[in-house]
Amino acid sequence: MPKFARRMNSLGVEGAFIVLAKARELERKGRSIVHLEIGEPGYQPPRHVLEATKRAIDEGKTKYTPASGIYELREAIAERVSASRGVDVKPDNVVVTVGAKMAIFAALMAFIDPGDEVIIPMPAYPSYESVTRFLGGVVRPVILKEERKFSPDVSDILEKVSDRTKAIVINTPSNPTGGIYRREDLEEIVKLAQRKDILIISDEIYEDIIFDGRKHESVLSIAGAEEVTVLVSGFSKTWAMTGYRLGYAVAKEEVAQRIAQIQLNAASCPVHFAQVAAIEAIRGPQEEVAQMIRDYERKRDVIYEEIRKTEGFSMIKPAGTFYAFPNIKETGMSSEELADKLLNEAGVALLPGTAFGNPGEGFLRISFAGPMRDIVEGMRRIREFMANL
Ligand code: PLP
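How each quantity is defined
- Residues numbered from 1 in each chain as written.
- Predicted model: local features only at pLDDT ≥ 70, side-chain atom pairs only at ≥ 80, totals over all residues.
- Heavy atoms only, no water.
- Pairing = 2+ DSSP bridges.
- Helix = DSSP H or I, 4+ residues; strand = E, 2+ residues; numbered from the N terminus.
- Axes fitted to C-alpha atoms, helices over the stretch in contact; angles between N-to-C directions.
- Contact = heavy atoms within 4.5 Å.
- Buried < 20%, exposed > 50% of the residue type's maximum accessible area, 1.4 Å probe, protein only.
- Near = heavy atom within 4 Å.
- Polar contact = N/O pair within 3.5 Å; in protein donor to acceptor, adjacent residues only side chain to side chain.
- Nonpolar A, V, L, I, M, F, W, Y, C, P; charged D, E, K, R; others polar.
- Phe/Tyr/Trp six-rings, centres within 6.5 Å; stacked < 30°, edge-to-face > 60°.

Asks: Break down the sheet that holds strand 6 (residues 199-203) for me, with residues and values.
Replies: The mixed open sheet is built from seven strands, whose spatial order is 2-8-7-6-5-3-4. In this open sheet, the two edge strands, each paired with only one partner strand, are strand 2 (94-98) and strand 4 (138-143). Strand-to-strand twist across the sheet, computed as the mean angle between neighbouring axes with direction ignored, equals 20 degrees. The pairing of strand 5 (residues 165-171) with strand 6 spans five bridges and is classified as parallel. Each residue of the ladder has a partner; that of Ile-168, found in strand 6, is Ile-200. Packing of helix 8 (residues 253-267) onto the sheet brings it into contact with strand 2, strand 7 (229-234) and strand 8 (246-250), and relative to strand 2 it is tilted by some 25 degrees.

Take a look at the structure:
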C-alpha cells in the first residue's frame, strides 16, 4: 500500500471518541459505566420536527439540493440570525452545511495556507486545532483563564498576533469551559480583526443554551463585524438534531460562495429531507426547546452542587452549554490520570481537559447533556471515589 499523505500526521482524533471506545470495551467485559463524556443532547428532536421529517420523505424530498442548501431554509436561517443579532442577513449570506463541523472545516479550508497562523482561545473544541494543522497552518493558543470566567483576555490575543495571523476562532458559549465571552472582549476582538485584516470564525452552536436569564452575545451584533466574520451555528444542540448533520455558516456573499464550493466538492449538499425538517425547527413552536434548556439548567445546578461537595474539585458555574469544567488541580493528579482512574476504577466516563488542548490540563469535562439519573449516579460515584482516595 502507498504511504499516506504527509498531512495525515497532523490530523487529530477527538478525545470523546477515544474515551467512548474505552468505555464500550469495559462494558463488553460486563462493567457498569455511566456516560458523562458525550456532548450530545439526551433528547429527541421536537415532535413537530420529527413529523416534518417523515412528511418530507413521503413527499420525495430525497434528492440532491443546491450546494448551499435549499432557498427556504437559507431564508429561515437568515431571518433568525437577523432577528437575534440585529443585522441584515440575506439568504445569499447563508450556507447550510453538513453539520456545523463542515462549516468550520470549510471556513478554515477557504482561508488557511501553509504557514498561516490561527489564534485559538483554548481549551477549545478540538476540530479548530486539528483542521488548522491539517491545512499546514500554525496554531497560536491563547489560554482561557478561570479567573476571567473563561472569556479571553484581549491583551493575550494581541501578544499572539503576527504578520502571518490569518484567523481567530472563537466559541461562545464555549465547549468545554461552559463560559461565555464578555461583550467588551468581543468588541476588542472585532476591532483587532478589522485593524489587522484577520478573519473571525465565530462558533456559536450553543447560542441558545444559556442560563440564569442571560442573553447570547454574538460577535455579529457588533457594528462592522459582518465584514470580517464567518458565523457558525447549527441544529445539533438547540433542537437536539445531531444525527441530521445540519449546520450553517453566515458570511459575506463571496465567502459563503467559497464555503459552498468546498462543500460541493466534499459532500455535494446536506441531506434534503433534513433541510426541510430544519425549516420546521426554526419556524415551528419552540416550547420543547425551551423545556430542554430549562432541564439543562436544572442539571447544571445539580452538577454544580455535587462538584462543590467533591474532594479536590472546584468549579465556577457554567453560564451556558451542557458542560461542567471542574478544576482538579488540588488532587495533584493530571487530567488524563484522573479521567483514566474515574473510568477504570469508578465506572464514570468523562474527558480530561487536555482533550481540548494542553491548556485544558488541570480540568475535567463532564457532560450534563444526558439523563438526570446518569448525572446523579455519575457524580455519586465520583464523589465516593474521591472521598476514598
Ligand atoms: N462546535 C462545537 C463547539 C461543538 O461542541 C460541536 C459539537 O460537539 C460542533 C461544533 C459540531 O456540531 P455539528 O454536530 O453540528 O457538526
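Asks: Run through the pairing of strand 8, naming residues and quoting values.
Replies: Two faces make up the sheet, and in a regular strand the side chains alternate between them. Judged by how many residues are buried, strand 8 sits mostly within the fold: five of five residues are covered. Strand direction decides the pairing type here: strand 2 and strand 8, joined by five bridges, are antiparallel. Residue pairing in the sheet places Val-94 in a bridge with Val-250 of strand 8. Note: strand 7 against strand 8, four bridges, orientation antiparallel. Its bridge partner lying in strand 8, Leu-231 is registered against Val-250.

Asks: Give me the lowdown on the site of the ligand, citing residues and values where you can.
Replies: By nearness alone, 14 residues border the ligand, and Asp-203, Tyr-206, Ser-236, Lys-237 and Arg-245 come closest of all. A distance of 2.5 Å is found between a nitrogen atom of the ligand and a side-chain nitrogen or oxygen belonging to Asp-203. Contacts to the ligand include Arg-245, whose side-chain N or O atom sits 2.8 Å from an oxygen atom. The element best represented in the shell around the ligand is helix 4 (residues 99-111), accounting for four residues. Of the residues contributing to the shell around the ligand, the split by class is six nonpolar, four polar and four charged.

Asks: Which residues make up the sheet that holds strand 12 (residues 364-367), and what are the values?
Replies: The strand order across the open sheet built from three strands is 9-12-11, with neighbouring strands paired in antiparallel fashion. The open sheet terminates on both sides in strands that have one partner only, identified here as strand 9 (323-324) and strand 11 (351-352). Bridge count for strand 11 against strand 12 is two bridges, and the pairing is antiparallel. Each bridged residue has a counterpart across the sheet, and for Leu-351 the counterpart in strand 12 is Arg-365.

Asks: Can you explain the packing of aromatic side chains? Please cite residues and give values.
Replies: Per the stated rule, a full pass over the model turns up twelve aromatic pairs. Note on Tyr-43 and Tyr-296: the rings are 5.5 Å apart at their centroids and 80 degrees apart in plane angle, and the pair reads as edge-to-face. Linking Tyr-43 in the loop between strand 1 (34-35) and helix 2 (47-58) with Tyr-296 in helix 10 (residues 287-308), this pair joins segments that are 253 residues apart in sequence. Relative to Phe-325, the ring of Phe-150 has its centre 5.8 Å away and its plane inclined at 75 degrees; by these criteria the two rings are edge-to-face. Separated by 175 residues along the polypeptide, Phe-150 in the loop between strand 4 and helix 6 (154-160) and Phe-325 in the loop between strand 9 and helix 11 (335-346) bring together distant segments of the chain. In this structure, Phe-150 and Phe-325 share a single accessibility class: buried. One aromatic cluster in this structure is built from Tyr-43, Tyr-206, Tyr-296, Phe-322 and Tyr-323.

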